[in-house]
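In case you want the letters, here they are:
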Amino acid sequence: MADLDLSSDVVTLTAALCDIPSVSKNEQEIADAIERALRALPHLSVERAGNAIVARTDLGRAERVVLAGHIDTVPITVDPPNVPVQRIDGVLRGRGTTDMKGGVAVQLALAAGITEPTRDVTYVFYDCEEIEAEFNGLARLVRNHPQWLEADFAVLLEPTNGGIEGGCKGTMRVDVATKGIAAHSARPWNGHNAIHDAGEILARLSAYEPRTVAVEGLDYHEALNAVGISGGIAGNVIPDRCVVSVNYRYAPDRDTEAALDHLREVFAGYELTLSDAADGAKPGLDKPAAKGFVDALALPVVAKEGWTDVAQFSALGVPAVNFGPGDPNFAHTDDERCPEDQISAALAAMKRWLSPQDGAAR
C-alpha cells in the first residue's frame, strides 16, 4: 500500500502522487492512499463513492467553496517510461505532473495545512476524467450525491500555467453525411459519388468565420473543424455514402440546442447526426465568492478555451474557474513536465485566499 505524507513539501507530495500509477479505471491504489491520508485529519469529514473521495470542513462559515481535481491520468509510456517521475533542474518530469497531480497535491496540502480556513472547504478527488464522459467520477457524484457538492463557488485545479481561466467553451461533434448511388467504378455514370459531394461540406468549413464572443468580459474564440472523414466500401465501388465528422467549440452564450441549430444552418441541405455534446460554462465572475477568489489571487483572468469539468459545477448552479500549476500544452505528452516553482506558487496563492488574515495556516 502506498502512503502519502501530507507534511512533506508540495513538490515532494506531487512526485509521490505521480509515482502511484493511476491510469483511468485503475485509480483504486491512489484513491485508497488519498482516503487514508484524509481520514487521519480530525478537522475533516470524509466520504467515498467508488474511487471518488470528498472531504469537508464544517466550521459554520458564511461561504462554502469546492476545490476539485481528478486523480487519473492518460496511459503511461513504456519506452522511455514516464513513471517514476524525475526532478531535474527545478522541473518535475513524468506522467501526471501537469495533468493534474500538481493540482491534487495542492488540494491535499491545503486540506492538511489549513485547519481553520476562512471559508468552509469541500475537497473533491475523482476518477475517470480522462476517458468517456459516462465514466466520469465527478458526473457520478453530481448524479448520486449532489448534496456533497453544494457550494457558493468552485475551483478546478486543472493546469492553467499558473493563471485563472474562467468558465469554459462547449463542445459538440456532429456527422455530416452525403448520399450517393453505388455502382461499379468502371461505369461510374451508373451511380453517384458521395465522397465527391463531400467537397462542398469541406468548402463550407474552409469559408467559415468563427465568432469571438465576450461573455462576462472574457473573450471566447469559437472553432469549427473537420476531425474525420469516412466513405467507400471497396476499391472498385462508387461510394453511396460519405460522412464528415465535425467538432464545434462554442462560447458559453449558447447551449447545446442553440449550437446544434447553428450547425443545421451551416450545413443546410445535408443530413446531420449529433454524436456528442457538452455545454460550456459561464465564468460567474460577478458572484461575490468568485470575486473574492480573483481579488485574493491578484492574477489576470482569461477565458478557458477548452472544455473542463467546471461545466458540471455550472450545471449545479455553482460558478467555477480553472486554476492550477502546469502548462496545459504539456498535458498528455510523453515529455509531460511541470516547473516545481509553479506548484509551490499555486499553493501559496490558494493560501492567500483560504488562510486567516494574518496569513498563517492553522
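Model, not experiment: these values are computed from the prediction.

A. Quick peek at the overall build of the chain. Scanning the chain for helices and strands turns up nine helices and 19 strands. Based on the C-alpha atoms only, the size of the chain along its principal axes is roughly 80 × 45 × 40 Å. In the chain, which comprises 362 residues, the proportion classed as buried is 51%. The long-range share in the chain, meaning contacts at least 24 apart out of those at least 6 apart in sequence, stands at 77%. Carbon and sulfur atoms make up 50% of the accessible area of the chain, which totals about 15,600 Å². Charged side chains of the chain number 32 positive and 53 negative; the gap between the two group centres comes to 2 Å.

B. Region of the structure containing the pattern of salt bridges. Evaluated as defined, the whole model comprises 26 salt bridges. Lysine 287 is paired through a salt bridge with aspartate 286; the nearest N and O atoms lie 3.5 Å apart. Salt bridges linked by common partners bring Asp32, Glu35, Arg39 and Arg48 together as one network.

C. Structural detail: the nonpolar core. Counting residues in hydrophobic clusters, the biggest one holds 64 residues, and the most contacted among them are Ile34, Leu38 and Phe293. In this structure leucine 38 touches Leu44, Val46, Ile53, Ala55, Leu108, Ala111 and Phe125, once residues within four positions along its chain are discounted. Judged by nonpolar contacts, the second largest core, of 20 residues, contains Ala49, Val124, Leu138 and Ala154.

D. Summary view of the packing of helix α1 (residues 10–18) against helix α3 (residues 101–113). Where α1 meets α3, the closest approach of the two axes is 8 Å, and the angle between their N-to-C directions is 125 degrees. In this view, α1 runs oblique relative to α3, as classed from their interaxial angle. Here α1 and α3 pass one another in a crossing that is right-handed. Where α1 approaches α3, its residues Val10, Leu13, Thr14, Leu17 and Cys18 are matched on the opposing element by Lys101, Gly102, Val104, Ala105, Val106, Leu108 and Ala109. Looking at the contact of α1 with α3, its residues break down into nine nonpolar, two polar and one charged.

E. Summary view of the layout of surface pockets. Roughly 940 Å³ of volume is contained in the largest pocket. Tallied by class, the residues present in the lining of the largest pocket amount to 13 nonpolar, six polar and twelve charged.

F. Geometry of the sheet that holds strand β2 (residues 52–56). One open sheet holds the eight strands; their spatial order is β1-β2-β6-β3-β7-β18-β8-β17, and the pairing between them is mixed. Only two strands of the sheet have a single partner each, and these edge strands are β1 (45–49) and β17 (301–303). Across this sheet, the average inter-strand angle for adjacent strands is 25 degrees, counted without regard to direction. Here β2 pairs with strand β6 (residues 120–126) via four bridges, running antiparallel. Directly across from arginine 56, in β6, lies its bridge partner threonine 122. Where α3 meets the sheet, it contacts β3 (64–70) and β6, and its direction lies at approximately 140 degrees from that of β6. Where helix α7 (residues 288–297) meets the sheet, its contacts fall on β7 (153–156), β8 (164–166), β17 and β18 (320–323), and the angle it forms with β7 comes to roughly 45 degrees.

G. Focus on α7. Among all positions in α7, only Ala289, Ala290, Phe293, Val294 and Leu297 are buried. For α7, the arc enclosing every buried residue in end-on projection is 135 degrees, short of the 170-degree limit, so these residues lie on one face. Tucked inside the fold, the buried residues of α7 contact β7, β8, β17, β18 and α9 (340–354). Looking one or two residues past α7, alanine 298 carries a phi angle of roughly 55 degrees, positive in sign.

H. Layout of empty space enclosed by the protein. Tallied over the entire structure, the rule returns one cavity of 30 Å³ or more. Approximately 30 Å³ is the volume attributed to the largest cavity. Around the largest cavity sit Cys18, Ile20, Pro21, Ser22, Thr73, Ile76, Val83, Arg95 and Lys101, which together line it. For the lining of the largest cavity, a count of residues per class yields five nonpolar, two polar and two charged.

What counts, and at which threshold
- Residues numbered from 1 in each chain as written.
- Predicted model: local features only at pLDDT ≥ 70, side-chain atom pairs only at ≥ 80, totals over all residues.
- Heavy atoms only, no water.
- Helix = DSSP H or I, 4+ residues; strand = E, 2+ residues; numbered from the N terminus.
- Buried < 20%, exposed > 50% of the residue type's maximum accessible area, 1.4 Å probe, protein only.
- Contact = heavy atoms within 4.5 Å.
- Areas by Shrake-Rupley, 256 points an atom, 1.4 Å probe, with all protein chains shown as cover.
- Lys, Arg positive; Asp, Glu negative; His and termini not counted.
- Charge placed at Lys NZ, Arg CZ, Asp CG, Glu CD.
- Salt bridge = Lys/Arg side-chain N within 4 Å of Asp/Glu carboxyl O.
- Core = buried A, V, L, I, M, F, W, Y, C linked by side-chain atoms within 4.5 Å.
- Axes fitted to C-alpha atoms, helices over the stretch in contact; angles between N-to-C directions.
- Parallel < 35°, antiparallel > 145°, perpendicular 65-115°, else oblique.
- Left-handed = near helix turned anticlockwise from the far one by under 90°.
- Nonpolar A, V, L, I, M, F, W, Y, C, P; charged D, E, K, R; others polar.
- 1 Å grid on protein atoms, 1.4 Å probe; cavity = no way out; pocket = protein on both sides within 12 Å on 5 of 7 lines; lining within 4 Å.
- Points joined across faces, edges and corners; volume = space filled by probe spheres on them.
- Pairing = 2+ DSSP bridges.
- Arc of directions from axis to C-beta.

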